[in-house]
Structure formats: structure tokens, C-alpha cells
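# Architecture and fold: a report
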Amino acid sequence: MSLKQKLVALGLSSAVALAGANLIAPTEAPNGEPILHTYLDPVDIITACFGHTGTELEINQFFSEQQCIEMFAKDLGKADRQLLRLTYPVQLTEGEHAAYLSLVYNFGAGNFQTSTLRKLLLRGERVAACHQLTDACGKHGCNGFVYAADIKLPGLVERRKKERKICLKDLYVEQNH
């Protein structure tokens with residue numbers, strides 16, 4: 001059974017499971033396979049499985065694959081509820097939903113809430129909002145979504161490029177002449 005199928009079986013919508021399996025998991029864990037123990041992420045936050053963080057984690061904890069998938073499903077569900085609350089009343093395309101879910105999962109709902117990206121989205125400037133994934137400017141200069149604890153991370157640069165591509169995929173309509 002694929003990761004997407006396992007997430008759907010745990011009650012996530014197909015769109016959320018697709019984003020989790022195809023966009024989030026590959027960037028949070030090598031080859032999309034969960035890291036079955038706690039570790040320190042690049043900015044020394046205790047992390048496990050598919051990028052799960054929390055005060056309950058301690059160094060030298062171990063998890064089964066099933067425990068990791070259940071934590072991932074719970075984390076994805078929480079991030080999705082936050083995303084939908086923060087983007088209401090906008091009806092997101094599948095691509096926007098996947099991209100912004102990945103961003104909220106990684107960057108946090110609080111940061112998303114105050115972002116220029118969200119302001120553009122709510123104003124109906126959807127293409128410009130997608131471009132904010134790679135062009136955002138903040139205290140670190142442009143592309144503020146690629147920093148963690150003041151450190152620019154190459155993995156985040158690549159993740160944001162993938163998110164932008166997915167975000168834009170349903171917004172451009174080819175015209176036949």
C-alpha cells in the first residue's frame with residue numbers, strides 16, 4: 001500500500017494525502033520513507049518521522065513506520081484545517097491547496113497568516129501569491145521562506161520551487177487559437 005493510500009485510510013482527503021505523499025514526505029524524509037527515530041533538524045529542533053516536531057519528543061526515541069504514518073496524518077490534518085481557515089473564503093485549486101499545505105506544514109500557520117502571500121491570495125492575486133513561494137521578501141531579503149533560524153537551507157530553496165510549480169499548474173489556462 002502506498003503512503004497516499006495509507007493516509008487516505010487514516011481519514012485524510014485524497015488531495016491532502018496526495019500533497020503529503022508527493023510533496024511533503026519526499027522533502028521531510030529521505031526517499032519519502034519516515035525516519036524512525038528522533039534527530040536534530042538543520043536548526044537543532046528535535047524531529048522524527050516525516051518532519052514531526054513537538055514538546056513530547058526527546059532524543060533517542062524510536063517509532064514504528066505505522067506510528068510515523070499516524071503522526072504524519074495527524075500533522076497533515078492539523079495543517080490542512082489551519083490552511084483552510086486562513087484562506088477562507090477562497091476556493092483553492094488542487095495545486096494551490098497542495099503547495100500552501102506544504103508551506104504551512106513546513107513554515108507554520110502563524111507565519112503563513114502574516115505573509116504577503118496570504119494577503120495576495122485573499123485579494124484575488126493568485127498567480128502573484130504562488131510566485132511569493134520563491135520570491136518572498138522579508139528580513140533576510142528576498143525569498144524569506146527558505147530560511148530557518150537565519151540559515152538559508154538549499155533543501156528549502158528546492159522545496160519552494162516545487163511548491164510554486166504545483167501552485168501555478170491549475171492557474172494558467174491554455175488557449176487554443
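Residues numbered from 1 in each chain as written. Predicted model: local features only at pLDDT ≥ 70, side-chain atom pairs only at ≥ 80, totals over all residues. Heavy atoms only, no water.

Threshold: UniProt positions are given in the numbering used here, feature names are shortened, and annotations may be inferred rather than shown by experiment.
In the annotation of an unreviewed UniProt entry, the entry for the protein chain reads Lysozyme, and the organism field reads Shewanella vaxholmensis. Checking UniProt for the protein chain, the heading Sequence similarities (unreviewed entry) contains the comment "Belongs to the glycosyl hydrolase 24 family." Heading Catalytic activity (unreviewed entry) of the UniProt record for the protein chain holds this comment: "Hydrolysis of (1->4)-beta-linkages between N-acetylmuramic acid and N-acetyl-D-glucosamine residues in a peptidoglycan and between N-acetyl-D-glucosamine residues in chitodextrins."

## Some details on the pattern of salt bridges
The cut-off we apply is this: Salt bridges are defined by distance alone: a side-chain nitrogen of Lys or Arg within 4 Å of a carboxyl oxygen of Asp or Glu. Numbering of helices and strands runs from the N terminus, with a helix taken as a DSSP run of H or I at least four residues long and a strand as a DSSP run of E at least two residues long. Think of it in three bands: residues with accessible area under 20% of the maximum for their type are buried, residues over 50% are exposed, and the middle band is partly exposed, with areas taken using a 1.4 Å probe on protein chains only.
Evaluation of the coordinates by the stated rule reveals nine salt bridges. Of the charged contacts, one joins Lys169 and Glu94 as a salt bridge, the two residues approaching to 3.5 Å between their closest N and O atoms. Placement of Lys169 in the segment after α8 (154-168) and of Glu94 in helix α4 (residues 94-107) is noted, with a sequence separation of 75 residues between them. Linking Asp170 and Lys169 is a salt bridge whose minimum nitrogen-to-oxygen distance equals 3.2 Å. Given the relative accessible area of 44%, Lys169 is considered partly exposed. A cluster of three or more residues bridged by salt bridges with shared partners is formed by Glu28, Arg159, Arg160 and Glu163.

## Focus: the state of the cysteines
Note the threshold: Here, a disulfide means two cysteine sulfur atoms that sit within 2.5 Å of each other.
Under the defined criterion, the tally for this structure stands at two disulfides. Two residues, Cys49 and Cys68, share a disulfide whose sulfurs are 2.0 Å apart. Its torsion about the S-S bond being -60°, the disulfide of Cys49 and Cys68 is classed as left-handed. Residue Cys49 is located in strand β2 (residues 46-49), and its partner Cys68 is located in helix α3 (residues 65-87); the two are separated by 19 residues in the primary sequence.

## What about the sheet that holds strand β1 (residues 35-40)?
Strand-to-strand pairing in sheets goes through backbone hydrogen bonds, with the strands running parallel or antiparallel. Defined as follows: When DSSP finds two or more bridges between two strands, those strands count as paired. A contact between two residues is defined here by any heavy atoms of the two lying within 4.5 Å. To get an axis, a line is fitted to the C-alpha atoms, and for a helix only the part in contact is used. The angle between two axes follows their N-to-C directions and goes from 0 to 180 degrees.
Ordered by their spatial adjacency, three strands build an open sheet running β1-β2-β3, and the pairing between neighbours is antiparallel. The sheet is open, and its two borders are formed by β1 and β3 (52-53), each paired with just one other strand. Against the sheet, α3 engages β1, β2 and β3, with an angle of about 65° to β1.

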